[in-house]
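Analysis of the macromolecular model
Given next are the chains, with one letter for each unit.
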Amino acid sequence: MNTKMITGALAVSFVVTLLTGCATKNAVVALAEKHEINAPGIAETKAIAEEGFIYGLPIVMNYAVMYEYAVDKNSSQFKAPFNHIKNEPRVYTYKDTAVITPNSDTPYSFTWLDLRAEPIVLTVPAVEKKRYYAVMMCDSNTYNYGYIGSRATGNEPGSYMVVGPDWKGEKPEGIKEVFTSTTPFSLVAYRTQLFDPEDMPNVIKVQEGYKVEPLSAFLKQPAPAAAPAIAFSPATTAGIKENFWSYLDAALAYVPETDRDKNIRAKLASIGIGPNKTFNLKDLSPERQKAIVEGMKAGDEKISTFLASGMTDVNGWQIGSLPGDEAHYNGDWLMRAGTAKAGLYGNSAAEAVYPLTRVDGNGQTLDASKHNYTITFPAGQYPPVNAFWSVTMYDGKSQYLIKNPINRYLINSPMIPNMKKGKDGSLTLYIQKDNPGGDKEANWLPAPNDTVYLVMRLYWPTTKDPSVLPPGKGTWQPPGIVKAN
């Protein structure tokens, strides 16, 4: 899942908008004297903006989603206040736009945790063995710091505790495991497998067993003093491109500095960006405004280049080990930014692998306004997983799910029994904007009348051959997409 990027064209128009509104020469000089006397030079400012954009993009994207999901009750994307769970008794559709590349496989449940006053306890019910579920914990650094679920802890019931970065204490009786967030606010995303539309009541029953409560309530003890209320600076995913630096100011207030990021944080502070700051690009001279916006553009282009070349190309699919915990990234801000741009809140590789593509097997851009396509899985060569797999269609520009006449956003392995197979047992999917008709409709993955972005999701990939693990180097390879006309 993630938010819209600043493209080169947007960045250029952003510069023009900013510079045409400049004040008089005297005002510019005054602002320069106020803000830029001890600032780095123009070239260094551009370099800091580039590095800062790469470092800050996932943090800003996460902050905007948190604001829409847990703070702004008037947002169309609002889920629930902090420390309350919101179960979604449905899969995501084209109407869900808070994050891009959303999963439409598994009904979600969400809770945003506020860990400042005390730890929070997550309790899960017993889940039948055949049903896959996963509870992913992701902090404001976008580190996946913990898992509960079929792969990680099994399908038995249990209670688990999540603590903030400053917590010190012992594991209480009745708690199976303690997970530590690097930040005081954290997302917990639950994914519960849905077998087919008629299965939704069973998913709802599982969701009703998910429980979120403060440690004091779990222990039946008096609650500690509440944490101070926060007047969060407003943010939306749609507003990131115009307000990136002010959003970053706001977000960094809730991301404690560490040894891994203290250098980039110091550089950002040198140009007026950071916690408790109110950076305003218009306060800078035209030269610095231009340097910062050009730095952002360069950073965004570097992220796109990483996604195009920083992973392994397998038959046109890009496969890499992108999401992970703090040790996985190890201060590689470019990998972290690429992960967010590919899809915010993705699972770590052990939980799911995400082959993704915008091209066919010959490297040509997928454009369903011009061509029809197919993808064929030979008999017995489906993606090797312990849970299930899917192929999801997105608009190539927005990375949102697309509206289509049969309300089908993906094809997944539970659908296979109702699909048409070849005489040799192979399975061919039809990727096109128009209904192929007849018995082919069961195998149709509707595409936009435009460019295409496809994502495979391989849940709980097997570790024995054939396997997609390690990502990009496994013995199983996804088949290339073939242009049909």
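Structure shown above.
Residues numbered from 1 in each chain as written. Predicted model: local features only at pLDDT ≥ 70, side-chain atom pairs only at ≥ 80, totals over all residues. Heavy atoms only, no water.

Moving on to the sheet that holds strand S3 (residues 120–124). Strands pair in a sheet through their backbones, by hydrogen bonds, and they do so in one of two ways: parallel or antiparallel. Strand order across the open sheet formed by four strands is S7-S6-S3-S9, with mixed pairing between neighbours. A strand with exactly one partner marks an edge of an open sheet, and here the two such strands are strand S7 (178–180) and strand S9 (211–214). Pairwise comparison of adjacent strand axes, ignoring direction, gives a mean angle of 25° for this sheet. With four bridges joining them, S3 and S9 adopt antiparallel strand pairing. Along S9, the bridge assignment pairs Val121 with Glu213. (Pairing = 2+ DSSP bridges. Helix = DSSP H or I, 4+ residues; strand = E, 2+ residues; numbered from the N terminus. Axes fitted to C-alpha atoms, helices over the stretch in contact; angles between N-to-C directions.)

What follows deals with the sheet that holds strand S8 (residues 185–192). In space, the five strands of this open sheet follow the order S1-S2-S8-S4-S5, with antiparallel pairing throughout. Only two strands of the sheet have a single neighbouring strand rather than two, namely strand S1 (86–87) and strand S5 (144–149). Direction of pairing for S1 relative to strand S2 (residues 108–114): antiparallel, over a ladder of two bridges. Residue pairing in the sheet places Lys86 in a bridge with Phe110 of S2. The strands that helix H3 (residues 42–71) touches are S2, strand S4 (133–139) and S8; relative to S2, the one it contacts most, it runs at about 105°. In the packing of helix H4 (residues 200–208) onto the sheet, contacts are made with S1, S2 and S8, and the angle to S8 comes to roughly 145°. (Contact = heavy atoms within 4.5 Å.)

Before going further, it helps to examine the packing of aromatic side chains. Summed over all chains, the structure comprises 24 aromatic pairs. Seen from their ring centres, Tyr132 and Phe388 are 6.3 Å apart, and the 75° between their planes marks the pair as edge-to-face. In this pair, Tyr132 is assigned in the loop between S3 and S4 and Phe388 in the loop between strand S14 (373–377) and strand S15 (389–395), connecting sequence segments 256 residues apart. Of the two residues, Tyr132 and Phe388, both sit in the buried class. With a centroid separation of 5.6 Å and 50° between ring planes, the pair formed by Tyr132 and Tyr459 is classed as tilted. With Tyr132 in the loop between S3 and S4 and Tyr459 in strand S19 (residues 452–459), the pair connects residues that are 327 residues apart, well separated along the chain. (Phe/Tyr/Trp six-rings, centres within 6.5 Å; stacked < 30°, edge-to-face > 60°. Buried < 20%, exposed > 50% of the residue type's maximum accessible area, 1.4 Å probe, protein only.)

Soluble globular proteins: nonpolar side chains tend toward being buried together. By size, the foremost hydrophobic cluster in this structure holds 77 residues, and its most contacted members are Trp112, Phe244, Trp245, Leu248 and Tyr345. With 16 residues, H3 is the single largest residue contributor to this core. Not counting the four nearest positions on each side in its chain, Leu248 is found in contact with Gly52, Gly56, Ile59, Val60, Leu268 and Ile273. Among the nonpolar cores identified, the runner-up in size contains 31 residues, and Val353, Val391, Met419 and Leu454 belong to it. (Core = buried A, V, L, I, M, F, W, Y, C linked by side-chain atoms within 4.5 Å.)

Within the span of H4, buried status applies to Met200, Val203, Val206 and Gln207. Taken end-on, H4 shows its buried residues confined to a sector of 115°, consistent with a single buried face. Of the exposed residues in H4, the ones pointing more than 90 degrees away from its buried face are Pro201, Lys205 and Glu208. Where the residues of H4 are buried, they touch S1, S2 and S8. (Arc of directions from axis to C-beta.)

As a further point, take H3. For H3, spanning 30 residues, the distance from its first C-alpha to its last is only 37 Å, which falls clearly below the expected 44 Å at 1.5 Å a residue. Gly56 marks where H3 bends most, by close to 45°; the proline Pro58 follows one to four residues later. Within H3, 23 of the 30 residues are buried, which leaves it mostly tucked inside the rest of the structure. (Expected span 1.5 Å × (residues − 1). Bend = angle between axes of the 7 residues up to and from the residue.)

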